[in-house]
Amino acid sequence: MFTGIITDIGTIIDLKQEGDLRARIRTGYDTSGIDMGASIASDGVCLTVVDLGPDWYDVQISAETVSKTNLTHWAVGGRVNLERALRVGDELGGHIVSGHVDGVAEVVAVMDEGDSTRVTLRAPEALARFIAPKGSVALNGTSLTVNEVDGRNFGINFIPHTKEVTTWGGVSVGDAVNLEIDTLARYVARLAEMPAH
């Protein structure tokens, strides 16, 4: 369980295909406080730590996970948003994020508005109905509020702080973005589909 509040930007320092994809991520986290088997959301994907070093950790990523996320675009030197799993008593600053990506959205427009940046994304057809104005989404692991929705397109406003502490400062048109819809939206849609008794 995560909150979508990014606490570090990691750098991919190694990628190996060994049956599954294995990635080594350099981090500012104190790795002595990370347990083997711990979950760390990396660009919004809940991944399990399988090895640790002084300033890095390794994760193993199944072909299924790679096929459903933007991890196909990961490359050595790439930067990723990181969040450690929520602990009992932690502040819930964003919204409940599972780390299970629902699909990949595409950045279709980027426009600076004052110090902020307005980004328009296109959701996959099957997920668009779950995205509502003023609702929450997790994009590359970041908890964000939707400004407006127009069919499959939806807009997000990034303030300077968010651009500084996440990878969103380098967003470009054409970027593939991990999208996790709000759990509450999923349940509301499911209830609306059920016949009344």
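Described below are features of the structure shown in this document.

How each quantity is defined
Residues numbered from 1 in each chain as written. Predicted model: local features only at pLDDT ≥ 70, side-chain atom pairs only at ≥ 80, totals over all residues. Heavy atoms only, no water. Helix = DSSP H or I, 4+ residues; strand = E, 2+ residues; numbered from the N terminus. Buried < 20%, exposed > 50% of the residue type's maximum accessible area, 1.4 Å probe, protein only. Areas by Shrake-Rupley, 256 points an atom, 1.4 Å probe, with all protein chains shown as cover. Pairing = 2+ DSSP bridges. Axes fitted to C-alpha atoms, helices over the stretch in contact; angles between N-to-C directions. Polar contact = N/O pair within 3.5 Å; in protein donor to acceptor, adjacent residues only side chain to side chain. Phe/Tyr/Trp six-rings, centres within 6.5 Å; stacked < 30°, edge-to-face > 60°. Core = buried A, V, L, I, M, F, W, Y, C linked by side-chain atoms within 4.5 Å. Contact = heavy atoms within 4.5 Å.

## Side note on the overall build of the protein chain
Phase 1 of the analysis: Broken down by element type, the protein chain carries four helices and 12 strands.
Phase 2 of the analysis: Principal axes of the C-alpha set define a box for the protein chain whose edges measure 50 × 50 × 35 Å.
Phase 3 of the analysis: For the protein chain, with 197 residues in total, the buried portion stands at 41%.
Phase 4 of the analysis: Carbon together with sulfur atoms contributes 52% to the accessible area of the protein chain, which is approximately 10,000 Å² in total.

## Here we look at the sheet that holds strand 12 (residues 176-181)
Phase 1 of the analysis: Taken together, the six strands give a closed barrel; going around it, the order is 7-8-11-10-9-12, and neighbouring strands pair in antiparallel fashion. Averaged over neighbouring strand pairs, the angle between their axes works out to 45° when direction is ignored.
Phase 2 of the analysis: Here strand 7 (residues 103-113) runs beside strand 8 (residues 116-122); their pairing, made up of seven bridges, is antiparallel. The residue of strand 8 that forms the bridge with D112 is T117.

## Here we look at the side chain of T31
Phase 1 of the analysis: Turning to its location among the elements, T31 is positioned in the loop between strand 2 (20-26) and strand 3 (39-42).
Phase 2 of the analysis: Accessibility expressed as a relative area gives 8% for T31, which makes it buried.
Phase 3 of the analysis: In this structure the side chain of T31 is engaged in a polar contact, spanning 3.1 Å, whose partner is the backbone oxygen of P54.

## Side note on the packing of aromatic side chains
Phase 1 of the analysis: If you walk through the whole model with that rule in mind, you get one aromatic pair.
Phase 2 of the analysis: With a centroid separation of 4.5 Å and an interplanar angle of 25°, the aromatic rings of F158 and W168 are classed as stacked. In this pair, F158 is assigned in strand 11 (residues 153-158) and W168 in the loop between helix 3 (160-165) and strand 12, connecting sequence segments 10 residues apart.
Phase 3 of the analysis: With a relative accessible area of 3%, W168 lands in the buried category.

## A closer look at the nonpolar core
Phase 1 of the analysis: Of all hydrophobic cores here, the largest spans 22 residues; its most connected members are L121, I131, V137, L139, F154, I156 and L179.
Phase 2 of the analysis: Of all elements in the fold, only strand 7, strand 8, helix 2 (125-128), strand 9 (136-139), strand 10 (142-150), strand 11 and strand 12 reach the threshold of two or more residues within this core.
Phase 3 of the analysis: When sequence neighbours within four positions are dropped, the list of residues in contact with F154 reads V119, T120, L121, A123, I131, V137, L139, V146, E148, V149 and L179.
Phase 4 of the analysis: Within the second largest apolar cluster, 20 residues are counted, among which are A38, I40, L47 and I61.

## Here's the deal with the side chain of D182
Phase 1 of the analysis: Mapped onto the elements, D182 comes out in the loop between strand 12 and helix 4 (183-193).
Phase 2 of the analysis: Not counting residues up to four positions away in its chain, the partners in contact with D182 are H95 and S136.

## Here we look at the environment of V49
Phase 1 of the analysis: Mapping V49 onto the fold places it in strand 4 (residues 45-52).
Phase 2 of the analysis: Sequence spacing of V49 and R122 is 73 residues, and the spatial spacing of their C-alpha atoms is 31 Å.
Phase 3 of the analysis: Filtering out sequence-adjacent residues up to four positions away, V49 remains in contact with I34, D35, M36, G37, A38, I40, Y57, D58 and V59.

## A short note on the pairing of strand 4
Phase 1 of the analysis: Strand direction decides the pairing type here: strand 3 and strand 4, joined by four bridges, are antiparallel. Bridge pairing links A41 to C46 in strand 4.
Phase 2 of the analysis: Hairpin connection, strand 3 to strand 4: the antiparallel pair is bridged by two residues, and D43 has positive phi, about 55°.
Phase 3 of the analysis: Bridging between strand 4 and strand 5 (residues 56-61) involves three bridges; their strand directions are antiparallel.

## Section: the environment of N70
Phase 1 of the analysis: Note on placement: N70 falls in the loop between helix 1 (63-68) and strand 6 (79-84).
Phase 2 of the analysis: A polar contact of 3.0 Å, which involves the side chain of N70, links it to the backbone oxygen of A176.

Nothing here speaks to function; it is all geometry.
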